[in-house]
Amino acid sequence: MDKGQVRQEREADRPYVIDTLWKGIDSKVTVVEWHPSSSNILAYGTEKGCIGIYTFKTDDLRNSNLEGVAVTQLFGTRHSKSVYTLQFAPVSPPGYDTPEVGNPLLYTCGGDGVMNILDPLNPQKPAIKLNELLLELNPDLEPEFSKARGTPKKSELRFSTDFSLFAVGSTTGKIFVFSSHTFLMKTTFHEHNKLVNRIRWSTHDSNLNSFASCSGDGKVILYDVKNIDQDNKGVTRVFQKHGSSAVLDIAWSPFRCQTLMSCSDDKRVQIWNAETSESLFTLSGHVNSVFTCCWHPTEENVVITGSSDQTVRFWMLGSPDSNENVQISQTPETPETPETLEIPETPETPETPETPETPETPETPETPETPETPETPETPETPETPETPE
């Protein structure tokens, strides 16, 4: 596909539409994030550290013609390594203008350990360096947020659902919780001993002050910070059924406030009861690391997982008592992939190698029977002519 081309695929025999956008992105896309209030704006980050935004000319993407897609200029600020996290938030640091209603700022975190704040309305505006700002407001964080060599890098950044707090994860396993109003640190946790991969806040009203984290140490941990102002913090639950395999993603159920999902390097997915730490379901089927997981937005018993085995799988959860789960679909679609695998049966085409029967032409090497011509040396019988001496 040429750079700048936009392609839209709509096939009658498929219950979905695939829209492929290509605007000269010369690197793997590592993260995408929808705008919270404008469904026609999509931010993305790449493996090379670039960040950009797609802006569609309509909110109705289901019936839109993607020929009308517009792409903003890439942000002038980029990370030196892969972009890990993107999140729109209607939060500005102290001393900065409050974002306009409906135009939140974009917070980013990358593999270089840097956190930035970008203005989607002004992509070329220099980013606010969040690491430096937090250190300026919290001098005691010098060992954790300075630019000195050896300072732990930041690996994750996530705001609470009501945007009153935000948590920052580190490569050492530490998690720092800050006020979104003052950007002052409220508390820290150091329950993990390896890089924090994900932080996810609960989305339910009864649980807004709870968040979960997962790490390369194989643990999923739940924290309750509702009494954070009274220094009453606590780790409420530790979930550990992935062994020592890194847990790569977590997701709260939008339907049940105490249900949490995790996926791991161990190729499995766990569904947890966050209130009891009990594993309700174990989903097995992927043949490689499961990188990401999410809940279906309208079907409470359907979850979706993506793996480095190059498949996306849809699962229908059964009853916790029976632990019966059904994989209802996968992409490449199970009916299609085996068909592509059946094509190797067409290696009946190797019957064409029967044409090598034409090597019967080596019968032509019978022509070397012509070496019978060496019988011509019988002509030396002509020496009978010496009878003429009589």
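Counting of residues starts from 1 at the beginning of each chain's written sequence and follows it residue by residue. Local features in this predicted model are restricted to residues of pLDDT 70 or higher, and side-chain atom pairs are both shown and tallied only at a pLDDT of 80 or more, whereas totals for entire chains, interfaces and linings draw on every residue. In computing side-chain values, all of the structure's heavy atoms are included and hydrogens and water are not.

Draft legend 1. Quick look at the state of the cysteines. Any cysteine sulfur atom paired with another within 2.5 Å is treated as part of a disulfide. Counted according to the given criterion, the structure contains zero disulfides. Cys 293 provides the cysteine sulfur closest to Cys 294, a residue in no disulfide bond, and the two sulfurs are 7.4 Å apart.

Draft legend 2. Local environment of the sheet that holds strand 20 (residues 259-264). Spatially, the four strands line up as an open sheet ordered 19-20-21-22, and their pairing is antiparallel. Pairing within the sheet leaves two strands with one partner each, and these edge strands are strand 19 (247-252) and strand 22 (278-284). Each neighbouring strand pair of the sheet contributes to a mean axis angle of 20°, computed without reference to strand direction. In the sheet, strand 20 pairs with strand 21 (residues 268-273) via five bridges, with the strands oriented antiparallel. Counterpart to Met 261 in the pairing with strand 21 is Ile 271. When DSSP finds two or more bridges between two strands, those strands count as paired. Counting from the N terminus, the helices are DSSP H or I runs at least four residues long and the strands are E runs at least two residues long. Simply put, an axis is a line fit to the C-alpha atoms, just over the touching stretch for a helix, and the angle between two N-to-C directions goes from 0 to 180 degrees.

Draft legend 3. A look at the packing of aromatic side chains. Between rings of Phe, Tyr and Trp, where Trp is taken as its six-membered ring, a pair exists when centres lie within 6.5 Å; planes separated by under 30 degrees are stacked, by over 60 edge-to-face, and by other angles tilted. Throughout the structure, instances matching the rule amount to 13 aromatic pairs. Ring geometry for Tyr 107 against Phe 159: centres 4.8 Å apart, planes inclined by 75°, an arrangement best described as edge-to-face. Taken together, the residues span a long stretch of sequence, with Tyr 107 in strand 8 (residues 105-110) and Phe 159 in strand 11 (residues 154-159) at a distance of 52 residues. Ring centres of Phe 145 and Phe 178 lie 6.2 Å apart, and the angle between their planes is 90°; on these two criteria the pair is classed as edge-to-face. Remark: Phe 178 occurs in strand 13 (residues 175-179) and Phe 145 occurs in helix 2 (residues 142-145); sequence separation between them is 33 residues. Using a 1.4 Å probe on the protein chains alone, a residue whose accessible area is under 20% of its type maximum counts as buried, one over 50% counts as exposed, and one in between counts as partly exposed. Assessed through its relative accessible area of 0%, Phe 178 is described here as buried. By the ring-pair criterion, three or more aromatic residues cluster together here, those being Tyr 107, Phe 145, Phe 159, Phe 163, Phe 166, Phe 176, Phe 178 and Phe 183. Our definition puts a charge over a ring when NZ of Lys or CZ of Arg is within 6 Å of the ring centre and also within 35 degrees of the ring normal. One Lys or Arg, Lys 154, reaches over the ring of Phe 145 and ends 4.5 Å from the middle of that ring.

Draft legend 4. Region of the structure containing the pattern of salt bridges. What counts as a salt bridge is simple: a side-chain nitrogen of Lys or Arg found within 4 Å of a carboxyl oxygen of Asp or Glu. Inspection of the entire model under this criterion finds eight salt bridges. Among the ionic pairs, Arg 256 bridges to Glu 300, the shortest N-O distance being 3.2 Å. Within this pair, whereas Arg 256 is found in the loop between strand 19 and strand 20, its partner Glu 300 is found in the loop between strand 23 (290-295) and strand 24 (302-307), the two being separated by 44 residues in sequence. Residue Asp 266 is joined to Arg 268 by a salt bridge in which the shortest nitrogen-to-oxygen separation is 3.2 Å.

Draft legend 5. Examining the nonpolar core more closely. What is meant by a nonpolar core is a set of buried Ala, Val, Leu, Ile, Met, Phe, Trp, Tyr and Cys residues, joined one to another through side-chain atoms within 4.5 Å. The biggest cluster of nonpolar side chains holds 21 residues, and the ones touching the most others in it are Tyr 107 and Leu 130. Contributions of two or more residues to this core are made by strand 8, strand 9 (115-118), helix 1 (130-137), strand 11, strand 12 (165-170) and strand 13. With four residues, helix 1 is the largest single contributor of residues to this core. What makes two residues a contact is simply this: any of their non-hydrogen atoms within 4.5 Å. Setting aside anything within four residues of it in sequence, one finds Leu 130 in contact with Tyr 107, Met 115, Asn 116, Ile 117, Leu 157 and Phe 183. Residues Leu 280, Phe 281, Trp 315 and Leu 317 belong to the second largest nonpolar core, which totals 14 residues.

Draft legend 6. Up close: unusual backbone geometry. In this model, Lys 267 sits at a positive phi of 75°, which is unusual for a non-glycine residue. Residue position: Lys 267 is located in the loop between strand 20 and strand 21. When its relative accessible area of 39% is taken as the criterion, Lys 267 is described as partly exposed. For Ser 277, which is not glycine, the phi dihedral falls at a positive 70°. Structurally, the position occupied by Ser 277 is in the loop between strand 21 and strand 22. When its relative accessible area of 25% is taken as the criterion, Ser 277 is described as partly exposed.

Draft legend 7. Main features of the environment of Pro 297. If you trace the backbone, Pro 297 turns up in the loop between strand 23 and strand 24. Residue Pro 297 is classed as exposed on the basis of its relative accessible area of 64%. Taking the C-alpha atoms as reference points, Pro 297 and Ser 253, 44 residues apart in sequence, are found 9.2 Å from one another.

Draft legend 8. Spatial organisation of the confidence of the model for the protein. Summary statistics for the protein give a mean pLDDT of 80 and a share of 71% for residues scoring 70 or more. The predictor's confidence in any single residue is recorded as pLDDT, a number from 0 to 100. Contacts from residues 1-11, a stretch scored under 50 in pLDDT, to residues over four places away or in other chains number 33 contacts. Every residue in residues 333-390 scores below 50 in pLDDT, and together they form six contacts with partners more than four places removed in sequence or on other chains.

Draft legend 9. The pairing of strand 17 (residues 220-227), seen in detail. Relative to strand 17, strand 16 (residues 210-215) is paired through five bridges, and the arrangement is antiparallel. By the bridge assignment, Phe 211 is partnered in strand 17 with Tyr 223. Adjacent in sequence and paired antiparallel, strand 16 and strand 17 are bridged by four residues, among which Gly 218 carries a positive phi angle near 90°.

Draft legend 10. Structural context of the sheet that holds strand 14 (residues 185-189). Strand order in the open sheet made by the four strands is 11-12-13-14, with antiparallel pairing throughout. The strands lining the two open edges of the sheet, one partner per strand, are strand 11 and strand 14. Looking at each pair of strands side by side, their axes are set apart by 20° on average, direction ignored. The pairing of strand 13 with strand 14 spans four bridges and is antiparallel. In the strand pairing of strand 14, Phe 176 is matched with Thr 188.

Draft legend 11. The pairing of strand 24, seen in detail. Across the six residues of strand 24, six count as buried, placing the element largely inside the fold. Bridge count between strand 23 and strand 24: five bridges; the pairing is antiparallel. Looking at strand 24, one finds that Cys 293 is bridged to Thr 305. When strand 24 meets strand 25 (residues 312-316), the two strands line up antiparallel, connected through five bridges.

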